[in-house]
Amino acid sequence: MAETIQLHFDVPGDDFTRAGEASGQTKRTLKKIGFSSDTIRRVSIAMYEGEINMVIHAGGGVIDVEIAPDRIEMWLRDKGPGIPDVELAMQEGYSTAPDNVRSLGFGAGMGLPNIKKYTDDMKIDTEIGVGTTVYMAVQNH
C-alpha cells in the first residue's frame, strides 16, 4: 500500500441497530489491505466505542478515517452537547447515559477509557453546546 486511503462515514443518531457500521467497514478494509490482527483489533475497538458514544450522547455525527501504511488516524466529529468535564468522563465507570440506553447494555462508562487504552494517540476537543471532536491514532506494528 503506497498511498493513503480515505474513508468517510455518517453515523446516524439514536439508531443502535446501525451503530458499528463504520467500525465494521473500517475493519473489513484493514483486513483486505493486510494489516496485523492486533492493529485491526485496536482500531475496531476504539472506533466502535467512539461510534457508540456519538449515538448515545450526540445524536450521531461523522467519522473520517485515513489509512496509511504505518498509521490509522480517525476523526469523530459531532454536534452534540459537548463534554462538560473531560477528566471526569475519562474515568472508568463514569457515565451520563440515560437508563433506557443502559437497559440496552450500553453506557457502562468505558467508552473513552477504552479509546485511550487501545490507541497510541487520543485528543478530545469539546465545546459545550457546539460539539466534540475525538482524534484517535493507532500505529501499525
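Note that the structure is a prediction, hence the values are computed from the model and not measured. (Residues numbered from 1 in each chain as written. Predicted model: local features only at pLDDT ≥ 70, side-chain atom pairs only at ≥ 80, totals over all residues. Heavy atoms only, no water.)

Student: Help me get a handle on the overall build of the protein, residues and values and all.
Tutor: Regarding its fold elements, the protein presents 5 helices and 5 strands. For the protein, the sequential pattern of α-helices and β-strands runs β-α-α-β-β-α-α-α-β-β. Across its three principal axes, the protein shows a C-alpha extent of roughly 45 × 30 × 25 Å. Per-residue burial for the protein yields a buried fraction of 45% across its 141 residues. (Helix = DSSP H or I, 4+ residues; strand = E, 2+ residues; numbered from the N terminus. Buried < 20%, exposed > 50% of the residue type's maximum accessible area, 1.4 Å probe, protein only.)

Student: An account of the pairing of strand β5 (residues 131–139) is requested, with residue identities and associated values reported.
Tutor: Each regular strand shows side chains that alternate between the opposite faces of the sheet. Most of β5 is tucked away, with 7 of its 9 residues classed as buried. Sheet topology note: the strand β3 (residues 71–78)/β5 ladder contains 8 bridges and is antiparallel. The residue bridging isoleucine 72 from the neighbouring strand is valine 138, located in β5. Pairing analysis gives 7 bridges linking strand β4 (residues 121–127) to β5, with the strands arranged antiparallel. Bridge pairing in β5 links isoleucine 124 to valine 134. Between the antiparallel neighbours β4 and β5 lie 3 residues, among them glycine 129 with a positive phi of about 80°. (Pairing = 2+ DSSP bridges.)

Student: I'd like a description of the sheet that holds β4, backed by residues and values.
Tutor: Two orientations exist for strands paired in a sheet by backbone hydrogen bonds: parallel and antiparallel. Taking strand neighbours across the sheet as the criterion, the 5 strands line up as β1-β2-β3-β5-β4 in an open arrangement whose pairing is antiparallel. At either end of the open sheet lies a strand with only one pairing partner, and these are β1 (5–12) and β4. The average undirected angle you get between the axes of adjacent strands in this sheet is 10°. Note: β1 against strand β2 (residues 60–68), 8 bridges, orientation antiparallel. When the sheet's bridge partners are listed, histidine 8 is paired in β2 with aspartate 64. The sheet contacts of helix α2 (residues 37–57) involve β1, β2, β3 and β5, and relative to β3 the element is tilted by about 5°. (Axes fitted to C-alpha atoms, helices over the stretch in contact; angles between N-to-C directions. Contact = heavy atoms within 4.5 Å.)

Student: Tell me about α2, and name the residues and values.
Tutor: Here α2 spans 30 Å end to end across 21 residues, near enough to the 30 Å set by a 1.5 Å rise per residue. In terms of burial, α2 is a largely internal element, 15 of the 21 residues being buried. Looking one or two residues past α2, glycine 59 carries a phi angle of roughly 70°, positive in sign. (Expected span 1.5 Å × (residues − 1).)

Student: Explain helix α5 (residues 111–118) to me, using residue names and the numbers behind them.
Tutor: In terms of residue burial, α5 counts as a mostly covered element, since 6 of its 8 residues are buried. Listed in full, the buried residues belonging to α5 are Gly111, Leu112, Pro113, Asn114, Ile115 and Tyr118. Structurally, α5 contributes buried residues whose contacts are with α2, α3 (86–89), β4 and β5.

Student: Describe in detail the packing of aromatic side chains, supporting the description with residues and values.
Tutor: Each aromatic ring pair is summarised here by two numbers: the centre-to-centre distance and the angle between the ring planes. Enumeration over the complete set of coordinates arrives at 2 aromatic pairs. Here the aromatic rings of phenylalanine 16 and phenylalanine 106 are separated by 4.8 Å at their centres, their planes lie at 20°, and the arrangement is stacked. Note that phenylalanine 16 is positioned in the loop between β1 and α1 (21–33) and phenylalanine 106 in the loop between α4 (99–102) and α5, a separation of 90 residues in sequence. Between the aromatic rings of tryptophan 75 and tyrosine 135, the centroid separation amounts to 5.5 Å while the plane-to-plane angle is 50°, which identifies the pairing as tilted. (Phe/Tyr/Trp six-rings, centres within 6.5 Å; stacked < 30°, edge-to-face > 60°.)

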